[in-house]
Amino acid sequence: MAGTSVLQQTNFFSPPADPPQFSELNLRLKEQQCLSLLKRCKNLEDFKQAHAQIVKWGFFWNSFSASNLVAACALSDWGSLDYACSIFQQFHDPGTFEFNTMIRAHVKDMNFQDALVFYYEMLERGVEPDNFTYPALFKACAWLKAKEEGMQIHGHVFKFGFESDLYVQNSLINMYGKCGEIQHSCAVFEQMDEKSVASWSAIIAANASLGMWYECLMVFGNMSSEGCWRPEESTLVTLLSACTHLGALDLGKCTHGALLRNISELNVIVQTSLIDMYVKCGYLEKGLSLFKKMTKRNQMSYTVMISGLAMQGHGEEALGIYSMMLEEGLDPDDVVYVGVLSSCSHAGLVDEGFNCFDRMKSEHGIEPTAQHYGCMVDLMGKAGMINEALEFINSMPIKPNDVVWRSLLSACRVHCNLEIGEIAAKHLFESNSQKAGDYVILSNMYARAEKWVEVAKIRTEMARKGFNQVPGFSLVEVGRRIHKFVSQDTSHPRCGSVYEMIHQMEWQLKFEGYSPDTSQVLLDVDEEEKRQRLKGHSQKLAIAFALIHTSKGTPIRIARNLRMCSDCHTYTKLVSIIYEREITVRDRNQFHHFKNGTCSCRDYW
DNA sequence: ATAGGGTTAG
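Residues numbered from 1 in each chain as written. Chains lettered and ligands numbered in written order. Predicted model: local features only at pLDDT ≥ 70, side-chain atom pairs only at ≥ 80, totals over all residues. Heavy atoms only, no water.

This part covers the protein's contact with DNA strand B. Around DNA strand B, the surrounding shell holds 49 residues, and the nearest of these are Asn174, Ala198, Glu232, Thr272 and Val403. Within 4 Å of the protein, the atoms of DNA strand B are drawn from sugar and phosphate moieties in a proportion of 41%. Contact distances for DNA strand B include 3.2 Å between a base nitrogen and a side-chain N or O atom of asparagine 298. For the surface near DNA strand B, the element with the highest residue contribution is helix H14 (residues 233-246), accounting for seven residues. Taken together, the residues of the surface near DNA strand B sort by class into 17 nonpolar, 23 polar and nine charged. (Near = heavy atom within 4 Å. Polar contact = N/O pair within 3.5 Å; in protein donor to acceptor, adjacent residues only side chain to side chain. Helix = DSSP H or I, 4+ residues; strand = E, 2+ residues; numbered from the N terminus. Nonpolar A, V, L, I, M, F, W, Y, C, P; charged D, E, K, R; others polar.)

Before going further, it helps to spend a moment on the domain arrangement of chain A. Per the domain assignment, the segments making up chain A are domain 1 (369-469) and domain 2 (473-599). Distance from the C-alpha centre of domain 1 to the C-alpha centre of domain 2: 27 Å. When domain 1 packs against domain 2, the two sides together hide about 550 Å² of surface, and 45% of this comes from carbon and sulfur. The largest contributions to the domain 1 side of the interface with domain 2 come from Val440, Asn444 and Arg459, which together make up 63% of the buried area. Taken together, the connections running from domain 1 to domain 2 amount to zero salt bridges. Applying the counting criterion to the domain 1 and domain 2 interface returns zero residue pairs in polar contact (both at pLDDT 80 or more). Those elements that provide at least two residues to the side of domain 1 that touches domain 2 are helix H26 (436-448) and helix H27 (452-465). The greatest single-element share of the side of domain 1 that touches domain 2, amounting to four residues, is contributed by H26. (Domains from an automatic or database assignment. Buried area = accessible area lost by both parts, 1.4 Å probe. Salt bridge = Lys/Arg side-chain N within 4 Å of Asp/Glu carboxyl O.)

With respect to topology, six strands assemble into an open sheet ordered S2-S1-S3-S4-S5-S6, the strand pairing being mixed. Each edge of the sheet is formed by a strand with only one pairing partner; in this case those strands are strand S2 (481-486) and strand S6 (598-599). Two strands pair when backbone bridges link them, and strand S1 (residues 473-478) and S2 are joined in this way by six bridges, in the antiparallel orientation. Counterpart to valine 476 in the pairing with S2 is histidine 483. (Pairing = 2+ DSSP bridges.)

Turning next to the nonpolar core. If you look at the biggest cluster of nonpolar residues, it comprises 148 residues, and the most contacted ones within it are Phe47, Tyr134, Leu274, Met305 and Leu408. Grouped together as the second largest cluster of nonpolar side chains are 32 residues, Ile502, Cys565, Ile583 and Trp605 included. (Core = buried A, V, L, I, M, F, W, Y, C linked by side-chain atoms within 4.5 Å. Buried < 20%, exposed > 50% of the residue type's maximum accessible area, 1.4 Å probe, protein only.)

Attention now moves to the layout of surface pockets. Its boundaries defined by the atoms lining it, the second largest pocket holds a volume of some 930 Å³. For the lining of the second largest pocket, the secondary-structure elements that each account for two or more residues are helix H6 (96-108), helix H8 (133-144), helix H10 (166-178), helix H12 (197-209) and H14. Looking at the lining of the second largest pocket, its residues break down into twelve nonpolar, ten polar and six charged. (1 Å grid on protein atoms, 1.4 Å probe; cavity = no way out; pocket = protein on both sides within 12 Å on 5 of 7 lines; lining within 4 Å. Points joined across faces, edges and corners; volume = space filled by probe spheres on them.)

This part takes up the UniProt feature "repeat: PPR" (unreviewed entry) in chain A. Within this numbering scheme, the UniProt entry marks residues 95-129, 165-199, 267-297 and 298-332 as carrying the feature "repeat: PPR" (unreviewed entry). The span residues 165-199 is 74% helix and 0% strand, and its two end C-alpha atoms sit 12 Å from each other. Secondary structure across residues 298-332 divides into 74% helix and 0% strand, with the first and last C-alpha atoms of the span separated by 10 Å. (UniProt positions renumbered as here; feature names shortened; annotations may be inferred.)

We now examine the packing of aromatic side chains. Scanning the model with the defined rule gives 22 aromatic pairs in all. For the ring pair tyrosine 278 and tyrosine 283, a centre distance of 5.7 Å and an interplane angle of 85° mean the geometry is edge-to-face. When the ring centre of tryptophan 57 is taken as origin, the NZ or CZ atom of lysine 30, which lies over that ring, is 4.9 Å away. Positioned over the ring face of tyrosine 278 is lysine 286, at 5.9 Å from the centre of the ring. (Phe/Tyr/Trp six-rings, centres within 6.5 Å; stacked < 30°, edge-to-face > 60°. Lys NZ or Arg CZ within 6 Å of the ring centre and 35° of its normal.)

Right, let's talk about the pattern of salt bridges for a bit. Here the structure, examined in full by the defined rule, presents 20 salt bridges. Where aspartate 378 meets lysine 382, a salt bridge forms, and the shortest distance between an N and an O atom there is 3.0 Å. Of this pair, aspartate 378 and lysine 382 both sit in helix H22 (residues 370-382), four residues apart, which is roughly one turn of the helix. Taking relative accessible area as the criterion, lysine 382 reaches 24% and is therefore assigned partly exposed. Taking the shortest distance from any N to any O, the salt bridge between arginine 464 and glutamate 461 comes out at 3.2 Å. Of the two residues, arginine 464 and glutamate 461 both sit in helix H27, three residues apart, roughly one turn of that helix. Glutamate 461 sits in the partly exposed class, given a relative accessible area of 26%. One network of salt bridges, with partners in common, ties together Glu24, Arg28 and Glu31.

Here it is as structure tokens:
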């Protein structure tokens, strides 16, 4: 262990009283030797020997060797940050490059807090930062979501005059985006003289991280029309993610095409986001076939496939993928188990669910989170084990959240258990994450039990609390454009023809036995007004619009932000018969695949 | 030496 001894003989590091003087020629020669020594290093042991050699030459105190030593040790694959730090501390006079190296190395090591410590140390010592210092720092702030600190350091950028450096600007856009301060991102973006592909990508990613998916597509459109666009993987991956969230299959397909034309070999990240896009846009077969063709899969690829299958109601198949993952020797993480447990719940596999729940802890050492408990409650609830589900909740070591109670409440609705439904609702109403839908469910349960006094009470309670009801919307893609319809929409340019279509459809539907189900309209208005409101539900508008603007037989795919009301569910089943269309609706939680008058959810949702 | 990417119950 020659290397270790170097560290132990600390006298090596004391500065020589009379440092060796090199002639110009000799200096260049030593520099070359130093570089080639460092280049040859394949591991930390090699490096320690190279280090010792450089010390022996008496070249250690030269700034050239100092910089390269620290950089080699800190930033290479085999490097050791601790060891690099120990060398760094030997320097009496570290300069900008050495500090930059330490900052970058700490960022690379995900040690963001210490990266910032090095920066402040740098300022304290009066070492001036340069334009290479800031991108790394803003990356650290982005990860730490340290908005205040980021803004402060942004101020330093002006002080030192790097505000027009392209890389600094891009990292600022990214930092503000990650901190949720998109208006600051935009401010930096707009002040740029010249925007690079990365600047656009960063602003697109900033929109994405805030869930502003529609805006993502708009910015991408601007990027293309301003001619600043080169097909780069990372931009397209963000775009795919936007398509996934918006259910924009056609645009997703175009993006896939652009990738195939421009990138010779798609990496795991791109492939994973493609699969996710296809599956969550309702094109399961394509997602599955891409998944099977993958040569290298990681945890995330499996997660995407498992939870995607679960979402489509293919629980058994999802479990098959899970076993495949174990066979491949990959270690499942907590996210994979969320998918696995939800698969069991969708497939009604109660024993298997408990089995996986135990295995998660015993074999993989994962402590269950609220999400896992939520899946278990859903699993029992769907299977009609309402009492067991309540007991399970009461024995949870962590505080059950609103989703857990809501799961139980939904199960009580399906299995007509008013008594426990009231308990679940009580917990929800006492929390501050209650939703309009919770009141709707309970009120419907009372209505079914013909407890009209209670129904009235719930409605008064709702009105009294007056909490904000999220407006429902549906997205439908026609001609590669996303059309958004809000409930009772009057803003879409072709609203007139849509309502005309709704009116025509009404007669056809009536012949098939449709009668509006107003029980879920919670407004205090008369029956006729309720029927009018039902007609304006966003999903119906989107379907009518798609029927007008797509040719016969084209499947209709809709993505919506809320769950469906029972009237829209019945309505869509009938439309699928009358107009001979397959209609896929993705709601908040799952897929509904309507075909020939039936739905894939088997009316349980 | 500098920037940007994918998954999470109901």
